[in-house]
Amino acid sequence: MAGSMKAVKLRIKSVQSTMQITKAMQLVAASKLRKAKERADASKPYLETMLSTLTDIANSNNDFQSPFTKATDNDKWLYVVIAGDRGLAGGYNSNLFKFMEHETKGRSDITVLPIGKKSVEYFKHRHVPLFTEEYAEVAKVNVSDCFQIAKLICDAYSSGKFGHIFLCYTNFISMLSQVPTASSLLPLSDLKTNEGKTDGKARELILYEPDSETVFNAVVPEYLAGILYTSINISYASELAARRTAMEAATDNAEEMIETLSLNYNRARQASITQEITEIVAGAES
Amino acid sequence: MSTYHLQVVSMDGDVFEGEVQKILLRTIDGDVEILARHTDYCTAIGMGTARVTMEDGTVRKAACIGGMLSVLNGAVRVLPTTWEWSEEIDIERAKAAKAKAEERLKDQQLDKEARIRAEAKLYRALVRIGTHGQNEKFGNE
């Protein structure tokens, strides 16, 4: 009996120290989350307006002089995958990778530009060719890094290294729900929606100044940088929210475990006392 | 004067939305002013001071750098990389950035990439300083 009491006591202690860690992580994630969410919320309108503007342009654009706008038959895909730096964030990373797998099904010629340590690790393990590993730490990527990444992508795209650029990140829906999302970055003709189709009707004409090629060559790197920056912000907020939820669940779970274990401990203690009394009584009687 | 709906959304968040008479800003191809009922139009924004004439005729100035300007079906959208109203500009910071960039440009061994970056930094600082307050050393006048 005494042996099992000790074992239970040790177990309670170990669960307690784990709970301390999960509790601390939950609090840290919660306090960081507030700031990250503010940043993500602030940059969301830019992303939405930029995307809707470019979709409008893609829908009504008939001027295919810029390499960034016209559709290609180049079947090489570059995926920019934004994941976290660290684990213990519930399904944040694995959901994104699962989604990626589904998204890339049937495409053989893909390259990945990973952002975030987990993303680098995952694709390295899978032997997927990586475009660059320079941006491994998502927490350290700032605006000027985004411009550099955008420039890299633009150069590779215009030299014909890739035919399509795709972005995978985790969208922040609410504190409790984050959904992996993919969106097309280049060429802009990939942004085309069918509702804007003009069958034989007069097509809208947009005036580009000085000309569409110059405009797109100047705007596309900015657009990519902007979208990267905002999606990194949103992904980071998602990661923290996922971590907070996961750690909250872990803490609750640990509390429950401690409760059951202390019940077991007390039961064992009571049993050993009862047994002792029985032994003493039996000894006195004889 | 007739007005139109202007939306300015920068990377740092929703900046301005409302009825304006006109907006003047510097594109990569020179200064452009958009009035109401403009044709569908798209251009890239350069670096310079933007002047927004509000519905009541007051003029607000802002440092406007990078991004794009689009007019589609009467909706005017300005998507700058940075947009700072003249009264919000941190002039001390801009001056410090200007001094730092000038210092860096003095270095003859600076490689091309770094030089371009330092020049861009200097230009941005100059735009901010020019937009701030009334000194128009570097403004649109």
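Values in this document were obtained by computation on a predicted structure and should not be read as measured data. (Residues numbered from 1 in each chain as written. Chains lettered and ligands numbered in written order. Predicted model: local features only at pLDDT ≥ 70, side-chain atom pairs only at ≥ 80, totals over all residues. Heavy atoms only, no water.)

Comments concerning the overall build of chain B
Here is the rule we go by: By the criteria applied, helices consist of DSSP H or I runs no shorter than four residues and strands consist of E runs no shorter than two, each listed in order from the N terminus. Accessibility here uses a 1.4 Å probe with only protein chains present; expressed as a share of the type maximum, an area under 20% marks a residue as buried, one over 50% as exposed, and anything in between as partly exposed. Each accessible area value is a Shrake-Rupley result obtained with a 1.4 Å probe; residue values ignore everything except the protein chains displayed when judging cover. Neither His nor the chain termini are counted; the positive set is Lys and Arg, and the negative set is Asp and Glu. Throughout, a charge is located at the NZ atom of Lys, the CZ atom of Arg, the CG atom of Asp or the CD atom of Glu.
Broken down by element type, chain B carries two helices and nine strands. Each helix and strand of chain B, placed in order from N terminus to C terminus, yields the pattern β-β-β-β-β-β-β-β-β-α-α. Each principal axis of the C-alpha atoms in chain B carries an extent, and together these give about 55 × 30 × 30 Å. Each of the 141 residues in chain B was classed as buried or not, and the buried ones make up 50%. When the accessible surface of chain B is totalled, it reaches about 7000 Å², and 47% of it is carbon and sulfur. Looking at charge distribution, chain B has the averaged site of its 20 positive side-chain charges lying 6 Å from that of its 23 negative ones.

Looking at the overall build of chain A
Applicable threshold: Our radius of gyration looks at C-alpha atoms and nothing else; its globule reference is 2.2 Å times the residue count to the power 0.38. In this description, contact between two residues means that some pair of their heavy atoms is separated by no more than 4.5 Å.
For chain A, the count of helices and strands is five helices and five strands. Put simply, chain A runs from its N terminus to its C terminus through helices and strands in the order α-β-α-β-α-α-β-β-β-α. Relative to the globule expectation of 19 Å for 286 residues, the C-alpha radius of gyration of chain A, 28 Å, shows a markedly less compact shape. Reported as C-alpha extents along the three principal axes, the dimensions of chain A are approximately 110 × 35 × 35 Å. The burial tally for chain A puts 44% of its 286 residues in the buried class. Long-range contacts, defined here as pairs at least 24 residues apart, represent 75% of the contacts in chain A between residues at least 6 apart. In the form shown here, chain A has an accessible surface area of approximately 14900 Å², with 54% of it arising from carbon and sulfur atoms. Side chains of chain A give 32 positive and 34 negative charges; the mean places of these two sets differ by 6 Å.

Focus on the interface of chain A and chain B
How large an interface is tends to be reported as the accessible area lost when its parts come together. Test applied: Once two parts are brought into contact, the accessible area they lose, counted with a 1.4 Å probe and summed over both, makes up the buried area. Polar contact criterion, stated in full: a pair of N or O atoms within 3.5 Å, where within protein one must be able to donate a hydrogen and the other to accept it, and residues adjacent in sequence count only if both atoms are side-chain atoms. Classes in brief: Ala, Val, Leu, Ile, Met, Phe, Trp, Tyr, Cys and Pro nonpolar; Asp, Glu, Lys and Arg charged; the others, Gly included, polar. Here a strand pair is declared whenever DSSP counts at least two bridges between the two strands.
At the junction of the two partners, chain A supplies 29 residues and chain B supplies 27 residues. Counting the surface chain A buries against chain B, the share from its top three residues, Tyr46, Leu207 and Glu209 of chain A, is 23%. On the surface where chain A and chain B come into contact, there are four residue pairs in polar contact (both at pLDDT 80 or more). At the level of elements, α1 (2–60), α4 (143–158), β5 (207–208) and α5 (212–285) of chain A are the ones that each hand at least two residues to the side of chain A that touches chain B. Ranked by the residues each element gives to the side of chain A that touches chain B, the list is headed by α1 of chain A, at 11 residues. Tallied by class, residues from the side of chain A that touches chain B come to 17 nonpolar, eight polar and four charged. Bridge count between β5 of chain A and strand β4 (residues 41–44) of chain B: two bridges; the pairing is parallel.

Quick look at a negative patch on the surface
All names here are of chain A. Applicable threshold: Note on patches: the residues involved have over 30% relative accessible area and no salt bridge, like charges join within 9 Å, and the nonpolar side chains Val, Leu, Ile, Met, Phe, Trp and Tyr join within 5 Å. The working definition used for a salt bridge is a side-chain nitrogen of Lys or Arg within 4 Å of a carboxyl oxygen of Asp or Glu.
Where like charges cluster on the molecular surface, the negative patch consists of Asp252, Glu255, Glu256 and Glu259. Mapped onto the elements of the fold, Glu255 is located in helix α5. On the basis of relative accessible area, Glu255 is assigned to the partly exposed category, the value being 40%.

Considerations on the nonpolar core
Heads up, the condition is: What is meant by a nonpolar core is a set of buried Ala, Val, Leu, Ile, Met, Phe, Trp, Tyr and Cys residues, joined one to another through side-chain atoms within 4.5 Å.
By size, the foremost hydrophobic cluster in this structure holds 58 residues, and its most contacted members are Ile57, Ile115, Ile153, Val220, Tyr223 and Leu224 of chain A. Per element, the largest residue contribution to this core is 15 residues, and it comes from α5 of chain A. In this structure Val220 of chain A touches Phe68, Cys154, Leu186 and Leu188 of chain A, once residues within four positions along its chain are discounted. Ala50, Met54, Leu69 and Trp83 of chain B belong to the second largest nonpolar core, which has 23 residues in total.

Points about the domain arrangement of chain B
Residues and elements named next belong to chain B. Condition: The split of the chain into domains comes from an automatic or database domain assignment.
Its domain assignment divides chain B into domain 1 (4–86) and domain 2 (88–137). A C-alpha centroid distance of 23 Å is found between domain 1 and domain 2. Taken together, the 11 residues of domain 1 in the interface contact 12 residues of domain 2. Both faces considered, domain 1 and domain 2 share a buried interface measuring about 1100 Å² in area, 55% of it formed by carbon and sulfur atoms. Taken together, the links from domain 1 to domain 2 amount to one salt bridge.

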